[in-house]
Amino acid sequence: MRPQFPTISANASGEDKGAVWIQTAQIQIGTFGFRTAKMSRLSRSRRLIQAEASIALTAGFPGDSLIGEEVDAEVVKVVGGIEQDNYILIRNHIISRWRDNLSKWLTKDMFVDCIPKHCRALLDSAYDFLVLHGYINFGVAPAIKERIPLKPSKRSVIVIGAGLAGLAAARQLMTFGFKVTVLEGRKRAGGRVYSKKLEGKNMMAAADLGGSVLTSTLGNPLGILARQLSYTLHKVRVRCPLYRVDGKPVDPILDDKMENAYNQLLDKVSILRNLMGDVSQVVSLGAALESFWQVSGDVASEEEMKLFHWHLANLEYANAGLISKISLAFWDQDDQYDMGGEHCFLTGGNGRLVEALVDNVPILYEKTVQAINYSSDGVQVFSGNQVYECDMALCTVPLGVLKSGSIKFVPELPQRKLDAIKRLGFGLLNKVVMLFPEVFWGPDLDTFGHLTDDPSCRGEFFLFYSYATVAGGPVLIALVAGEAALKFETMPLPDAVEKVLQILKDIYEPQGIKVPDPIQTVCTRWGTDPFCLGSYSNVAVGASGDDYDIIAESVGEGRLFFAGEATSKLYPATMHGAFLSGFREAANMANCAKARAENVKMQENPSNNAYVCVSVLAGLFRDPDLEFGSYSIIFGRKNFDSTAILRVSFSVSRKKTDQQHSNRLPFEHLHRHFNRQQEFHLYTLLSKQQALDLREVRGGDAMRLNYLCVTLGVKLIGRKGLGPAAVSVIASIKAERSEGRPSSSLNPGGFS
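Just so it is clear, the structure is predicted and the values come from calculations on it, not from any experiment.

**Side note on the overall build of the protein**
Stage number 1. When you go through the protein residue by residue, the secondary structure sums to 23 helices and 27 strands.
Stage number 2. When burial is assessed residue by residue, the protein has 58% of its 752 residues classed as buried.
Stage number 3. Residue pairs at least 24 apart in sequence account for 75% of intrachain contacts in the protein once pairs closer than 6 positions are excluded.
Stage number 4. Accessible area for the protein stands at about 30700 Å²; split by element, carbon and sulfur atoms hold 51% of it.

**Comments concerning the environment of Pro398**
Stage number 1. Along the chain, the position of Pro398 falls in the loop between strand S14 (392-395) and helix H14 (399-404).
Stage number 2. A relative accessible area of 12% means that Pro398 is categorised as buried.
Stage number 3. In this structure, the C-alpha to C-alpha distance between Pro398 and Glu565, residues 167 residues apart in sequence, is 7.8 Å.
Stage number 4. Look past the residues within four positions of Pro398 in its chain and what remains in contact with it is Arg192, Phe426, Phe531 and Cys532.

**Here's the deal with the sheet that holds strand S23 (residues 560-562)**
Stage number 1. Strand order in the open sheet formed by 5 strands is S10-S4-S3-S14-S23, and the pairing between neighbours is parallel. Two strands in the sheet have a free side with no partner beyond their single neighbour: strand S10 (363-364) and S23.
Stage number 2. Along the sheet face, helix H8 (residues 164-175) touches strand S3 (156-160), strand S4 (179-183), S10 and S14 and points at about 165° away from the line of S4.

**Focus: unusual backbone geometry**
Stage number 1. In this chain, Val410 is followed by Pro411 through a cis amide linkage whose omega measures -5°.
Stage number 2. Positionally, Pro411 belongs in the loop between strand S15 (408-410) and helix H15 (415-423).
Stage number 3. For Glu74, which is not glycine, the phi dihedral falls at a positive 55°.
Stage number 4. Within the secondary structure, Glu74 sits in the loop between helix H3 (68-73) and helix H4 (82-100).
Stage number 5. With phi around 60°, Ala573 is a residue other than glycine that occupies positive phi space.
Stage number 6. Locating Ala573 in the fold gives a position in the loop between S23 and helix H19 (575-597).

**With respect to the nonpolar core**
Stage number 1. If you look at the biggest cluster of nonpolar residues, it comprises 99 residues, and the most contacted ones within it are Phe61, Tyr87, Ile94, Leu164, Phe178 and Phe579.
Stage number 2. Of the residues forming this core, the biggest block, 10 residues, is contributed by H19.
Stage number 3. Those residues in contact with Phe579, other than ones at most four positions away along the chain, are Phe138, Leu164, Ala165, Ala168, Pro221, Leu222, Leu225 and Leu357.
Stage number 4. In this structure, Leu209, Tyr317, Val470 and Val500 belong to the second largest nonpolar core, which totals 80 residues.

**Digging into the side chain of Arg584**
Stage number 1. Its place among the elements puts Arg584 in helix H19.
Stage number 2. Judged by relative accessible area, which is 18%, Arg584 ranks as buried.

**Re the pattern of salt bridges**
Stage number 1. Scanning the model with the defined rule gives 30 salt bridges in all.
Stage number 2. Through salt bridges with shared partners, one network takes in Arg155, Asp391, Arg559 and Arg596.

**Description of helix H22 (residues 700-711)**
Stage number 1. In a regular helix each residue adds 1.5 Å, so 12 residues correspond to 16 Å; H22 covers 16 Å between its end C-alpha atoms and thus fits that length.
Stage number 2. Here H22 has its buried residues at Arg704, Tyr707 and Leu708. Along the axis of H22, the buried positions cluster into a sector of 95°, meaning they face one direction only. With respect to the buried face of H22, the exposed residues turned more than 90 degrees away are Ala702 and Val710.
Stage number 3. In the segment just after H22, Gly713 is the residue with positive phi, at about 70°.

The rules behind each value
- Residues numbered from 1 in each chain as written.
- Predicted model: local features only at pLDDT ≥ 70, side-chain atom pairs only at ≥ 80, totals over all residues.
- Heavy atoms only, no water.
- Helix = DSSP H or I, 4+ residues; strand = E, 2+ residues; numbered from the N terminus.
- Buried < 20%, exposed > 50% of the residue type's maximum accessible area, 1.4 Å probe, protein only.
- Contact = heavy atoms within 4.5 Å.
- Areas by Shrake-Rupley, 256 points an atom, 1.4 Å probe, with all protein chains shown as cover.
- Pairing = 2+ DSSP bridges.
- Axes fitted to C-alpha atoms, helices over the stretch in contact; angles between N-to-C directions.
- Core = buried A, V, L, I, M, F, W, Y, C linked by side-chain atoms within 4.5 Å.
- Salt bridge = Lys/Arg side-chain N within 4 Å of Asp/Glu carboxyl O.
- Expected span 1.5 Å × (residues − 1).
- Arc of directions from axis to C-beta.

Structural data, given as structure tokens:
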């Protein structure tokens, strides 16, 4: 995990120290380059700039470059150069100012006195982007809730689902002035976030039956909500002892040996997938791990094999799926976006956050949606015998519900979206939650594990969470993952409780500790819950991270939108991923509404533009016609006068800590074994001759970028910015290449 970054606070006089960099410095050429007349403050200014860049990193922004959303939003006129550097300094400063006091509403006027006049347009751009996309001024603090207008001034929106994604979007849209109604099928809000109250024998406690661990709390927006509400977070302690099948402790030396062997195995598999290339996309992570394990020759005992399967169960927990079905190529594709920070439990359960988020949000409960009709004129949502009409709608139902087909979309969703829904995995995790009369397992543990005899049941009660520090009572939770989670759906409650109690008795009674009967027990059945049909998403064999983006795409010319953890390529399978997806779509809906209000025709072509850019374009660039430095170019080979498409790749290092943590923490997702870089691409259209001339430019990538932007006057744009002209170029290149090779190599589907 990354260390805690310093925050900028106000000094005793009330002056904001974060303004020092702009008061003492004039922004000049170079990344974070500046000159100052007060050289004694130079080092201080540098430290502040670096600190603010670090804080921006926790919010998901590279400290010295743009993210794809910013490129798409055209926050600067030209990507690269002085204007971008200035924008980034201002953006980072705004984020830092708000993070310094999360309970205030940050206004643009607060920066007018410390931002030079020649940078005011960049202040407008940065501030508007951060507010619109939910990077600042969000949450449940009184000063922020007061910004919701009493009377909506904009069109109506229906949000389907009152989970974290739906609630985040609803609050944002209400703040933007939209008339919002949320339809929820359950009798409660929160979706897969549900804190159950347990009570009996004068005891009362609360435990999370669904999402429980707040991961990466340094930048996690749910952590920000907790801070606004002054809720206490409990850092999950790393120590996690393991116990054998007979209840005896696993030998610590053997434990360490097997954990190291397992981690080394993950490293080998990482190397293997890099060597395999595209072939790794059709191989499961489980097949690779077990194959390497079998040929390693390291297994010396039956107990070591059981330890190995415990780690596999842990892996299946992290992915909510069988490792035999999880993609070797992309199972950890989101690792590069980790926000950093500790992993925590929220005192009293995450349901407290849900309670704060539903305040003043109009929610209609027990409204199960059967059909959604959408067109360029609006949306109709059908629930029972009622029809709700709106200007736009946001669908936040879980991937399991989309897979089931229980909601009929009219017209049918585009085939590329249906294919992505089918490709992505949606796994299962279940829990046995028990309230005991006392904390017989001791107060110094948050987790402990248990081995099993049968590999097919390796995930059955393999890990225990102690909630005693946060639940308000002696609560212990047994986790059921992998294949065992599927079988658990039909296991009778008495049988489940009996099995768990026997494990606990085998562990503690030899130590002279009596295991009492639980006061109350609850078993989850997320797989058969009709409102989710599973727990959370994973990248199955044949799928990729791009499928999250495809599911997230809107349909109906900016009328029907999609959010939820399974639409978040950056943070899938997490509570904050769902929450942030709601912010993302609120921004998209606001932009579409604004475009319509200004009579700007939407440039959406679901059957061509979006899908081409996601799949066909990526396929063509696997075999570029020209490649030099960070530049790749594709063009038609038959016609010399054909138009070329240029792609420029930018890599942003995501620094990793050297601090080692136990592999036992499943919410780490075991991703830190694959240390990679975040890469994004910008595009433009050129003539073939211009592309050839660009190749001849000497001086490296920097000079080529200067040649593009200054000499040719070219503007680099994001993938989504490629318009109809690019669609015809891509179609032509694909058709030409398909004449001499199998069409499957180019990800067919966008064109016939």
